[in-house]
Protein chains: 2
Amino acid sequence: MTERTDGIDPADVERVRVLAEAAGTASRRLALLSRAEKDAALHALADALVAATDDIVTANARDLERGRAQGMTESLQDRLRLDPPRVAAVAQALRDIAGLPDPVGEVVRGSTLANGLQIRQVRVPMGVVGMIYEARPNVTVDAAGLGLKSGNAVILRGGSAAADTNRALVSVLRAALEAQGLPPDAVSLLDGGHGVVRALMTARGLVDLLIPRGGTELIQAVVTGSTVPVIETGIGNCHVYVDARADLETALAIAVNSKTHRPSVCNAAESLLVHRAVADAFLPKVLAALSAEGVVLHTDAGAGAAAELAGVPHDTATAEHFATEFHGLEMSVGVVDDLDAALEHIRRYGSGHTEAIVTDDRAAARRFTAEVDAAAVMVNASTRFTDGGEFGFGAEIGISTQKLHARGPMALPELTSTKWVVEGDGQVRV
Amino acid sequence: MTERTDGIDPADVERVRVLAEAAGTASRRLALLSRAEKDAALHALADALVAATDDIVTANARDLERGRAQGMTESLQDRLRLDPPRVAAVAQALRDIAGLPDPVGEVVRGSTLANGLQIRQVRVPMGVVGMIYEARPNVTVDAAGLGLKSGNAVILRGGSAAADTNRALVSVLRAALEAQGLPPDAVSLLDGGHGVVRALMTARGLVDLLIPRGGTELIQAVVTGSTVPVIETGIGNCHVYVDARADLETALAIAVNSKTHRPSVCNAAESLLVHRAVADAFLPKVLAALSAEGVVLHTDAGAGAAAELAGVPHDTATAEHFATEFHGLEMSVGVVDDLDAALEHIRRYGSGHTEAIVTDDRAAARRFTAEVDAAAVMVNASTRFTDGGEFGFGAEIGISTQKLHARGPMALPELTSTKWVVEGDGQVRV
């Protein structure tokens, strides 16, 4: 605990301390498990979830009823809902994790030194990983499964909307772990008011890593208020830039897919930039296509003229529009003079998540990939591909937009640290 | 800037903002330099330092005089002193960095996805790296050199004791960069009072990474007070554990070397633990050897008896002794019942830096390396080997004791991040 705990209730600090120490003790056992032991546990956890479907669905129904009584929207209810098929899917995700390679024990690099010392850098679990997240109860199970597979104990702080569901899920997981002879404290739920969240964020030394997942406010609060190391799963203010030498059919498909395939998530594109040289040929088509998909358009002067021509509804784009991640069917559209202007715009407004260029010009593609500072840079591909599943990781705990430790989609290796093992025969420094 | 700037003078915040933005602009140019360009610059910087030896030594003399007037110890003066041979050595270190591989552009991993997308994870510079450090002026040049080689702009905040020296060094470096056609803002000195340090620590978004180097208080202040990502170069409360099946000659050499080779640094051993089974045979010898080197000994009951037998001065070790990094010729010595007890002691008191076991027993060695949670774990080797130079990195910016991003000795790759480059032919999500 540090001095930054000012204003936090000592009872909350103590509650977190007890939980984190228990998780730490559990993590030391998990660190030594073989992949076979962990995979067997994952399958047992999956079986236990399926066997407890009724209890889980009942608890979930209580959360849904409470939500409805408080005016929860249909869309949020849908995010919250766990029906039997979804419970089965969540269980299947655990089995899928069992099928992934174990990152623990990987030898990252090594060598034999001039004096004969053999050094190797090996992957080890982080230790105790905290997740602070909103809404979706499947995150509870995903986090537990990815944590277990990477040898970590997890402390879960879910959103209050899913409180009963999360309690039921964690109860099932803990009982199943115990039945497997594993420490139930490998998975813990952090209950309590807002004070315990601050206590968790400042439990440096007891908690090794914090991953927040949710809206901008949640993430920023954790990132700026934590003394525990954090991985920022940040804003996705993603751009698609259609260059002078773009194939316009390709550009149309990529622009529409990047915005509309799943508009609420972080890798959806929020802005479309079009090189002046192809604006006349391209904009009317793409604006019509976006509008037909229900996308609300904010256009600058150049794109506005094209919108008029295409007869699609639009309003005037402001700097604030260009700076906004809409999380929905809404997009800012602008015309740029050249690649330099596109790069400058992205540098100014981009959030370091995913940026895409559509071009057949090699030099333009090379400049874009070299100069854009983001977690992922696409050439002639939808921004929607920044995804652990799409990248072949087999899982994803979130997409990091920070530069330290992990950047882009995060899966099992990102939940590990390393240590150096040095084997000698009595060498000393001369 | 974040809300955590409360209490910081807006003038300091502005000063840092201007400096960090200029560094950011410079970093974008540095990110695109080839290794050849960077190496040529490093050699030019080295030449410039040597050419400016008189000015540097003169500035250093002013710092030394001011220090002496304030009662600075001989040992601290020695750390501060830059005479012509030391200036030459500092310049040579830059040439050595030129000889190292360039981490920027390394392809860490990559693959071709089922849909034909080619993804690759490439190393990129962090961007703007801040160093907050005390005393030794060669850190100024090392940081600038390692920063440049890894494509980063650096903001340097040295200790006030070396203020004139650091100003002279940075002035030479900036002029040399400019003469090479490179942005002088690649290397900046952050002058001003304590307020600018807090402003630097909270300049999240403008500064990408902070590395503190110095005493415990400095490091803890930065680690707990920063919103900018930090790498903790922490405490080295390192242990040497002599196991039941240790070769006692080897153990003697390792224990003495680990403590006395360079007692003030983080990888020096602070505690010696000896298995009960070899305590009688080993302790008198090792205590006599340590005492002969001037090591002040704090012994527990078991080790105290051996100290009496050996006739060496000692006093009673407290828990606080075992928890202390002495930074000098001082050591805690204890007898443990078995490997479990040694592991428990290290878990309780260790700072996660370097822990060593001396043993010929394979099972004990394997348990120790598997169960000790530290940046480096040694078997039959001195703790003094946790060092970038010794590990063959060719350089070292510090030794991280944290788990995120880097752990153990840090060199060029640790000053980089990565990004994903995705090359397609129009792929979209279905």
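Residues numbered from 1 in each chain as written. Chains lettered and ligands numbered in written order. Predicted model: local features only at pLDDT ≥ 70, side-chain atom pairs only at ≥ 80, totals over all residues. Heavy atoms only, no water.

- An unreviewed UniProt entry lists chain A under the name Gamma-glutamyl phosphate reductase, with Phycicoccus duodecadis as the source organism.
- Quoted verbatim from the Sequence similarities (unreviewed entry) heading of the UniProt record, the comment on chain A is "Belongs to the gamma-glutamyl phosphate reductase family."
- As its UniProt record puts it under Catalytic activity (unreviewed entry), chain A is described as follows: "L-glutamate 5-semialdehyde + phosphate + NADP(+) = L-glutamyl 5-phosphate + NADPH + H(+)". (UniProt positions renumbered as here; feature names shortened; annotations may be inferred.)

**Here's the deal with the sheet that holds strand 2 (residues 118–125) of chain A**
Inference 1: Pairing is mixed in the open sheet, where 10 strands are placed in the order 1(A)-2(A)-16(A)-13(B)-12(B)-7(B)-8(B)-11(B)-9(B)-10(B). The open sheet terminates on both sides in strands that have one partner only, identified here as strand 1 (107–112) of chain A together with strand 10 (315–316) of chain B.
Inference 2: For strand 8 (residues 269–275) of chain B and strand 11 (residues 330–336) of chain B, the ladder comprises five bridges, and the chain directions are parallel. From the neighbouring strand, Leu-273 of chain B faces strand 11 of chain B, where its bridge partner is Gly-334 of chain B.
Inference 3: Across the sheet, helix 15 (residues 362–371) of chain B touches strand 16 (416–427) of chain A together with strand 7 (238–242), strand 12 (354–358) and strand 13 (376–381) of chain B, and the angle it forms with strand 13 of chain B is around 160°. (Pairing = 2+ DSSP bridges. Helix = DSSP H or I, 4+ residues; strand = E, 2+ residues; numbered from the N terminus. Contact = heavy atoms within 4.5 Å. Axes fitted to C-alpha atoms, helices over the stretch in contact; angles between N-to-C directions.)

**Things to note about the nonpolar core**
Most often, soluble globular proteins keep nonpolar side chains buried together rather than apart.
Inference 1: Residues Leu-49, Leu-156 and Val-187 of chain B are the most contacted members of the largest nonpolar core, which totals 74 residues.
Inference 2: Those residues in contact with Leu-156 of chain B, other than ones at most four positions away along the chain, are Met-131, Tyr-133, Thr-140, Ala-143, Val-170, Val-187, Ser-188, Leu-189 and Leu-190 of chain B. (Core = buried A, V, L, I, M, F, W, Y, C linked by side-chain atoms within 4.5 Å. Buried < 20%, exposed > 50% of the residue type's maximum accessible area, 1.4 Å probe, protein only.)

**Topic: the domain arrangement of chain A**
For interface size, the figure often reported is the accessible area lost on association.
Inference 1: For chain A, the assigned domains are domain 1 (10–232 + 402–423) and domain 2 (238–385).
Inference 2: Centre-to-centre, using C-alpha coordinates, domain 1 of chain A lies 36 Å away from domain 2 of chain A. (Domains from an automatic or database assignment.)

**Here's the deal with the packing of aromatic side chains**
Residues and elements named next belong to chain A.
Inference 1: Evaluation of the coordinates by the stated rule reveals 10 aromatic pairs over all chains.
Inference 2: Between Phe-322 and Tyr-349, the aromatic rings sit 5.9 Å apart at their centres with planes inclined by 40°, giving tilted as the arrangement. Of this pair, Phe-322 sits in helix 13 (residues 319–322) while Tyr-349 sits in helix 14 (residues 339–349), and the two are 27 residues apart along the sequence.
Inference 3: The class of Phe-322 is buried, set by a relative accessible area of 7%.
Inference 4: Here Tyr-349 falls in the buried class, since its relative accessible area comes to 14%. (Phe/Tyr/Trp six-rings, centres within 6.5 Å; stacked < 30°, edge-to-face > 60°.)

**Here's the deal with the packing of helix 10 (residues 248–260) of chain B against helix 11 (residues 276–292) of chain B**
Residue and element names in this part refer to chain B.
Inference 1: Two elements in contact, helix 10 and helix 11, have axes separated by 10 Å at closest approach and are oriented at 35°. Crossing of helix 10 against helix 11: the hand is right-handed. Only Val-278, Ala-281, Phe-282, Lys-285, Val-286, Ala-289 and Leu-290 of helix 11 make contact with helix 10, whose side of the interface consists of Leu-248, Ala-251, Leu-252, Ala-255, Val-256, Lys-259 and Thr-260.
Inference 2: Residues of the contact of helix 10 with helix 11, tallied by class, amount to 11 nonpolar, one polar and two charged. (Left-handed = near helix turned anticlockwise from the far one by under 90°. Nonpolar A, V, L, I, M, F, W, Y, C, P; charged D, E, K, R; others polar.)

**Details of the pairing of strand 1 (residues 107–112) of chain B**
Inference 1: Inspection of the sheet shows strand 1 of chain B paired to strand 2 (residues 118–125) of chain B by five bridges, in the antiparallel sense. Residue Ser-111 of chain B lies in a different strand from strand 2 of chain B, and its bridge partner there is Ile-119 of chain B.

**Points about the relation of the copies chain B and chain A**
Inference 1: Least-squares fitting of chain B to chain A yields an RMSD of 0.1 Å, with the superposition described by an axial translation of 0.0 Å and a rotation of 180°. Expressed as a symmetry operation, the mapping of one chain copy onto the other fits a two-fold axis. Of the C-alpha atoms belonging to chain B, the one lying closest to the rotation axis is found on His-405 of chain B, 1.8 Å away. (Least-squares fit on C-alpha atoms with pLDDT ≥ 70 in both.)

**Comments concerning the sheet that holds strand 8 (residues 269–275) of chain A**
Inference 1: A sheet is described by the order of its strands in space; here 10 strands give the open sequence 10(A)-9(A)-11(A)-8(A)-7(A)-12(A)-13(A)-16(B)-2(B)-1(B), paired in mixed fashion. What marks the edges here is a single partner per strand, and that holds for strand 10 (315–316) of chain A together with strand 1 of chain B.
Inference 2: Direction of pairing for strand 9 (residues 296–299) of chain A relative to strand 10 of chain A: parallel, over a ladder of two bridges. Across the sheet, residue Thr-299 of chain A finds its bridge partner in strand 10 of chain A, namely Thr-316 of chain A.
Inference 3: Of the strands in this sheet, strand 7 (238–242), strand 8, strand 9 and strand 11 (330–336) of chain A are in contact with helix 11 (residues 276–292) of chain A, which crosses strand 8 of chain A at around 150°.

**Some thoughts on the interface of chain B and chain A**
Inference 1: Contact residues are listed per partner, giving 68 residues for chain B and 68 residues for chain A.
Inference 2: Carbon and sulfur atoms make up 55% of the area that chain B and chain A hide from each other, which totals about 5700 Å².
Inference 3: Per-residue buried area on chain B facing chain A is highest for Leu-404, Trp-420 and Arg-429 of chain B; these three make up 15% of the total on that side.
Inference 4: Between the two partners, chain B and chain A, sit eight salt bridges.
Inference 5: Between Glu-390 of chain B and Arg-429 of chain A there is a salt bridge, and its shortest N-O distance comes to 3.2 Å.
Inference 6: Where chain B meets chain A, there are 44 residue pairs in polar contact (both at pLDDT 80 or more).
Inference 7: Breaking the side of chain B that touches chain A down by element, the ones donating at least two residues are strand 2, helix 9 (216–225), helix 10, helix 15, strand 13, strand 15 (408–410) and strand 16 (416–427) of chain B.
Inference 8: Taken together, the residues of the side of chain B that touches chain A break down into 31 nonpolar, 19 polar and 18 charged.
Inference 9: Sheet topology places strand 16 of chain A next to strand 13 of chain B; five bridges connect them, and they run parallel. Each bridged residue has a counterpart across the sheet, and for Val-422 of chain A the counterpart in strand 13 of chain B is Met-378 of chain B. (Buried area = accessible area lost by both parts, 1.4 Å probe. Salt bridge = Lys/Arg side-chain N within 4 Å of Asp/Glu carboxyl O. Polar contact = N/O pair within 3.5 Å; in protein donor to acceptor, adjacent residues only side chain to side chain.)

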